[in-house]
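Chain residues, written in single-letter form:
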Amino acid sequence: MREFRVTMTNRPGELARVAMSLSRQGVSIKALAATTGGGHVALHLIGHDVESTRSEIGRASCRERV
């Protein structure tokens, strides 16, 4: 299990963009939490498949951190 941290701008549609990217590859989200500050959102998520989650986060043009 691996947690990914995605940093994105706090504006409408950003979470949907990441979720749609994950859904295209059939990645189920096991856990999700988000915090906001300074106009940005830090999204913490755990997907059921580490490699698919990593790949789709990259395709969504987001930054990932552990």
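Scroll up for the structure.
In this text, all values refer to a predicted model and were calculated from it rather than measured experimentally. (Residues numbered from 1 in each chain as written. Predicted model: local features only at pLDDT ≥ 70, side-chain atom pairs only at ≥ 80, totals over all residues. Heavy atoms only, no water.)

Q: Which parts of the structure should I look at to understand the environment of His 40?
A: Structurally, His 40 is set in strand 3 (residues 40-47). Judged by relative accessible area, His 40 falls into the partly exposed class, the value being 39%. Sequence separation between His 40 and Thr 7 is 33 residues; the distance between their C-alpha atoms is 6.8 Å. Not counting chain neighbours up to four residues away, the residues in contact with His 40 comprise Thr 7, Met 8, Thr 9, Asn 10 and Thr 35. Here Gly 38 takes part through its backbone oxygen, which lies 3.2 Å from a polar atom of the side chain of His 40. (Helix = DSSP H or I, 4+ residues; strand = E, 2+ residues; numbered from the N terminus. Buried < 20%, exposed > 50% of the residue type's maximum accessible area, 1.4 Å probe, protein only. Contact = heavy atoms within 4.5 Å. Polar contact = N/O pair within 3.5 Å; in protein donor to acceptor, adjacent residues only side chain to side chain.)

Q: Help me out: how do you make sense of helix 1 (residues 14-24) in this one?
A: Among all positions of helix 1, only Glu 14, Val 18, Ser 21 and Leu 22 are buried. One side of helix 1 holds all its buried residues, which, seen down the axis, span an arc of 95°. Of the surrounding secondary structure, the elements contacted by the buried residues of helix 1 are strand 1 (4-9), strand 2 (29-37), strand 3 and helix 2 (50-59). Positive backbone phi, approximately 75°, marks Gly 26, located one or two places after helix 1. (Arc of directions from axis to C-beta.)

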